[in-house]
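Residue-level structural notes
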Amino acid sequence: MDLFRKVITQPGKPEDFALQTVQEAIKPQRQTKLVQDENQLLENILRTLLQELVSAAVQSGENTMRYGELIGDGESTQGQIPRLLDIVLYLCENEHIEGGMIFQLLEDLTEMSTMRNCEDVFGYIESKQDILGKPELFARGKLVMLRTCNQLLRRLSKANDVVFCGRIIMFLAHFFPLSERSAVNIKGVFNVSNETKYEKQAPDGISIDFNFYKTFWSLQEYFSNPASISLATTKWHKFSSCLTVVLNTFEAQPLSDEEGSADNLEDEAATFSIKYLTSSKLMGLELKDPSFRRHILVQCLIMFDYLKVTRAFHLLVHSQKLRSCAPGKNDKDLPSETMKEEIKSCEERVKQLLVMTPPKGEKFLHSIEHILERERNWVWWKRDGCAPFEKQPTEKKTVRDGGKKRRPRWRLGNKELSQLWKWADQNPNALTDSQRVRTPAVTEYWKPLAEDVNSRIIRMDASAGIEAEYHHKNNRVYCWKGLRFSARQDLEGFSRFTEFGVEGVVPMELMPPDVRSKYQAKPSDRSKRAKKEETKITANQAEENQIATPASEVDGEVNRPDLEASTAPMDTDAANVSLGGTPTPEEQQKQTPDTDGGQEPGQIDEPEPDQEPEPGMIEGETDAEVDTIVVG
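Residues numbered from 1 in each chain as written. Predicted model: local features only at pLDDT ≥ 70, side-chain atom pairs only at ≥ 80, totals over all residues. Heavy atoms only, no water.

Under the annotation held in an unreviewed UniProt entry, the protein carries the name THO complex, subunit THOC1 and is attributed to Cynara cardunculus var. scolymus.

See the structure below:
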């Protein structure tokens, strides 16, 4: 002990003499690491020395962490107790002594110090947070540090030591990982011991409505335990009637911009208190305070968010039979449809009042909504069993030479789809949610392209409109999806793609009248086009018939009636084809000439050697020769 007492009074870095001092004091079997008995002996020496230093500091009336200050490197000063803690922390960090020894000394120091000195001790703990949080130290002392912080919180006043309590909670949040279950309120238990006391009887000379005073402060009973409302319908009706009275009063007495100036809020923030006074004499002044109103309205939003989110949460818990997360819940305990409508109505009124409350009411409401959204994420994280956020690096296993590496098998082909299906299976409302991604209608999907066309027409100058690279018709993915939608929902519009391109597929009701006429064919144009095709087909048929009949074998006078007779039916059939649209197989057979379209003029069509003659045809003779024989 004398060696350590001498060392802490000398300047220098701990790594220069710490290990040497331990070896001289303990004389360990090993040179760099102590065994269990030696660690216990060293711990007893250090705890005794720490107790003597604290006792000497109290007797001298000095601050515990500043007792025996020394001038170190530069102009920095350090007391004997912080010096001793630094030496022990160095030895623990380098695994020369047991890692939990520094945590035990810190716990003893907080127990022996007054609350004023504990604030300085905790400041030292905050400064060494990175070292204390290292894996080799954290695993040995996390429970001791948690016990130390909880003891400090129990000793502090929640009303007078708000800042110090907040520092301790923030330290625990940074020191422990997010997935640490000891810091998570899994069951959602409320602090029902936090009671708000107010006057039950009206005092003499009161200037406000005492019934409103009792109604207003009775809301705190429900805010401190929201679970009681969801379990009993009568309590919800009573809470709803009380809240309606308060909201009506807030709406009837809106605040002016002068009453809600930012300067007043900054002055109040300097003297912030965790609870408001409940005296009936202060009720009139508190109603004019914008921060007071915001406090009550935010409590209402937290209440409504709990009732909505908890309803879905417990519904899933009940369906999966995970009663351990939320005991005592069943389907009849969940909010009814009427209760849901009332919650939605009250929530809209509360949000409107927050917007009307100066200053910057709308911005304040957006901040609160963002905080509540993050709170919902924490609720679902608890539902999933507080899965760890940290992902350990995966070690790649070396495959043996000649061995086959087995690929993981997933239920739906890959990991992402399997996880998505598993999530949907756990959430039965996912398939019936109205906000799910759905296939849009054709008119809704093509509306951006129609707007591009309209803007280009209004400007009357293509260069002054949308640039080509930003035009929807140049987006290949957009056009491809739209053509698939039109092929399924609008086949008539899809048929215009061949003639007019992608802009012709857009429904006509989205286009302006002048563009609509461009993509719609007129009846007169259709009839002219049909007559033109009819004339062209008739001329081709007549020319082919003349080629099929050789002038050298038949007399022109004899065969002219037959040629006219054979031409007349063909003209009629061609007209029928042109007016009727696509010809039938029988019509195609009538229109097909006996001769091949690719033969030379004057060439006679003869059957092939292997081909059997058709019924009524004389083998080796053509139709023209048969007609000549019969006439002769």
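Things to note about the overall build of the protein
Our working rule: Elements are defined by DSSP. Helices are runs of H or I of four residues or more, strands are runs of E of two residues or more, and each kind is numbered from the N terminus. Type-normalised accessible area, obtained with a 1.4 Å probe on protein chains alone, sets the label of each residue: buried when under 20%, exposed when over 50%, and partly exposed for intermediate values. Here, two residues are considered to be in contact whenever any of their heavy atoms come within 4.5 Å of each other. All accessibility values rest on the Shrake-Rupley procedure with a 1.4 Å probe; residue burial counts only the protein chains present in the view.
Within the protein, the secondary structure is distributed over 28 helices and two strands. Across the 632 residues in the protein, those meeting the buried criterion constitute 32%. If you take every contact in the protein between residues at least 6 apart in sequence, the share linking residues at least 24 apart comes to 67%. When the accessible surface of the protein is split by element, carbon and sulfur atoms take 51% of a total near 41500 Å².

What to know about empty space enclosed by the protein
Defined as follows: Of the grid points, spaced at 1 Å and generated over the protein atoms alone, those admitting a 1.4 Å probe that cannot get out make up cavities, while open sets with protein on both sides within 12 Å along at least five of seven lines make up pockets; any residue with an atom within 4 Å of a point is treated as lining. Grid points are joined across faces, edges and corners, and a volume is the space filled by probe spheres set on the points. Any residue that is not Ala, Val, Leu, Ile, Met, Phe, Trp, Tyr, Cys, Pro, Asp, Glu, Lys or Arg is counted as polar, Gly included; the first ten are nonpolar and the last four charged.
By the definition in use, this model includes three cavities of 30 Å³ or more. In this model, the largest cavity occupies a volume close to 60 Å³. Contributing to the lining of the largest cavity are F250, P254, L255, R293, L297, L353, M356, T357 and P358. Of all elements in the fold, only α15 (290-320) and α16 (337-356) reach the threshold of two or more residues within the lining of the largest cavity. Looking at the lining of the largest cavity residue by residue, the class counts come to seven nonpolar, one polar and one charged.

Some words on the environment of S179
Tracing the chain through its elements places S179 in the loop between α9 (162-175) and α10 (210-223). If we skip the residues at most four places from it in the chain, S179 touches W381, C386, A387, P388 and E390.

Considerations on the packing of aromatic side chains
Aromatic rings in a pair are described by how distant their centres are and how their planes are angled relative to each other. Let me state the cut-off plainly: Between rings of Phe, Tyr and Trp, where Trp is taken as its six-membered ring, a pair exists when centres lie within 6.5 Å; planes separated by under 30 degrees are stacked, by over 60 edge-to-face, and by other angles tilted. Look at NZ for Lys and CZ for Arg. If either is within 6 Å of the ring centre and within 35 degrees of the ring normal, a charge sits over the ring.
Considering all chains together, one arrives at 23 aromatic pairs under this definition. Judged by centre distance (5.3 Å) and plane angle (85°), the ring pair of F175 and F176 falls under edge-to-face. Look at F175 and you get buried, because its relative accessible area is 7%. By relative accessible area, which is 8% here, F176 ends up buried. An aromatic cluster is defined as three or more aromatic residues linked by ring pairs; in this entry it consists of F122, F138, F164, F171, F175 and F176. When the ring centre of F364 is taken as reference, the NZ or CZ atom of R294 above it lies at 4.3 Å.

Side note on the pattern of salt bridges
Counted only if it meets this: Salt bridges are identified by distance alone: a Lys or Arg side-chain nitrogen within 4 Å of an Asp or Glu carboxyl oxygen.
Across all of its chains, the model carries 17 salt bridges by this definition. Among the ionic pairs, E369 bridges to K351, the shortest N-O distance being 3.5 Å. A residue pair is termed long-range when its members are at least 10 positions apart, and E369 in helix α17 (residues 361-383) and K351 in helix α16 qualify at 18 residues.

Side note on the side chain of E38
Structurally, E38 can be placed in helix α3 (residues 36-60). Exposure remark for E38: the relative accessible area of 11% places this residue in the buried category. What E38 contacts, discounting residues up to four positions off in sequence, is I26, K27, P28 and Q29.

Some thoughts on helix α6 (residues 115-127)
Count 3.6 residues to each turn of an α-helix, and residues three or four apart come out pointing the same way. To keep it simple, the criterion reads: Expected span, for any helix, means 1.5 Å times one less than how many residues it has. Taken from the helix axis, the directions to the C-beta atoms give the arc we talk about.
Under the 1.5 Å per step criterion, the end-to-end length of α6 is 19 Å for 13 residues, consistent within 8% with the ideal 18 Å. Buried within α6 we find N117, C118, V121, F122, Y124 and I125. Projected onto a plane normal to the axis of α6, the buried residues spread over an arc of 150° and lie on a single side. In α6, the exposed positions that point more than 90 degrees away from the buried face belong to R116 and S127. Residues of α6 that are buried make contact with α4 (80-93), α5 (101-112), α7 (129-132), α8 (135-155) and α9.

Notes on a nonpolar patch on the surface
Note the threshold: Surface patches are defined over residues having more than 30% relative accessible area and no salt bridge, joining like charges when they lie within 9 Å and nonpolar side chains (Val, Leu, Ile, Met, Phe, Trp, Tyr) when within 5 Å.
Among the surface-exposed residues, L412, L417, L420 and W421 lie close enough to one another that they form a single nonpolar patch of about 380 Å² accessible area. Residue position: W421 is located in helix α18 (residues 415-426). Given a relative accessible area of 45%, W421 falls into the partly exposed group.

Overview of the nonpolar core
For soluble globular proteins, the rule of thumb is that nonpolar side chains tend to be buried together. Condition: Side-chain atoms within 4.5 Å link the members of a nonpolar core, which is a set of buried Ala, Val, Leu, Ile, Met, Phe, Trp, Tyr and Cys residues.
Counting 53 residues, the largest nonpolar core has L42, V88, I102, L132 and M145 as the members making the most contacts within it. When contributions to this core are tallied by element, the ones reaching two or more residues are α1 (2-7), α2 (14-26), α3, α4, α5, α6, α8 and α9. Every residue in contact with V88, bar those within four places of it in the chain, is listed here: L46, I97, M101, I102 and L105. F250, M283, L287 and V350 belong to the second-largest nonpolar core, a separate cluster that totals 39 residues.

With respect to the side chain of T110
By the secondary structure assignment, T110 is in helix α5. Classification of T110 as buried rests on a relative accessible area of 3%. Here T110 is in contact with C118, V121, T148, L152 and R155, once residues within four sequence places are set aside.

Brief notes about the confidence of the model for the protein
Cut-off, in case you're wondering: Confidence of the predictor at the level of single residues is given by pLDDT, which spans 0 to 100.
In the predicted model, the protein carries a mean pLDDT of 75, and the fraction of residues at 70 or more is 68%. In this model, residues 71-75 is a region of pLDDT below 50 whose contacts with residues beyond four sequence positions or in other chains number one contact. Ignoring residues within four places in sequence, the model shows residues 548-632, a span with pLDDT below 50, making 45 contacts including any to other chains.

Re helix α21 (residues 476-489)
Between its first and last C-alpha atoms α21 spans 20 Å; for 14 residues at 1.5 Å apiece the expected length is 20 Å, and the two agree. Taken together, the buried positions of α21 are Y478, C479, G482, L483, F485 and S486. On an axial view of α21, the arc spanned by its buried residues comes to 165°, and they lie on one face. Every exposed residue of α21 that faces more than 90 degrees away from the buried side is listed here: R476, V477, W480 and R488.

Describing unusual backbone geometry
With omega at -5°, the peptide bond leading from P358 into P359 counts as cis. Within the secondary structure layout, P359 lies in the loop between α16 and α17. Residue K360 is not a glycine yet carries a positive backbone phi of 55°. On the secondary structure map, K360 appears in the loop between α16 and α17.

Some remarks on the packing of α2 against α4
The cut-off we apply is this: All axes are obtained by fitting lines to C-alpha atoms, using only the stretch in contact for helices, and the reported angles, taken between N-to-C directions, cover 0 to 180 degrees. For classification, angles of less than 35 degrees are called roughly parallel, those exceeding 145 degrees roughly antiparallel, those between 65 and 115 degrees roughly perpendicular, and all remaining angles oblique.
Here α2 crosses α4 at 75°, and the two axes come no closer than 10 Å. Relative to α4, α2 is oriented roughly perpendicular. Taking contact as the criterion, the partners of P14, E15, F17, A18, L19 and V22 in α2 are, on α4, R83, D86, I87, Y90 and L91. The class makeup of the residues in the contact of α2 with α4 is eight nonpolar, no polar and three charged.

Some words on the environment of L132
Tracing the backbone shows L132 in helix α7. Given the relative accessible area of 2%, L132 is considered buried. Taking the C-alpha atoms as reference points, L132 and G100, 32 residues apart in sequence, are found 9.9 Å from one another. Those residues in contact with L132 that lie beyond four places of it in its chain are L89, I102, F103, L106, I125, L137, F138, M145 and F175.

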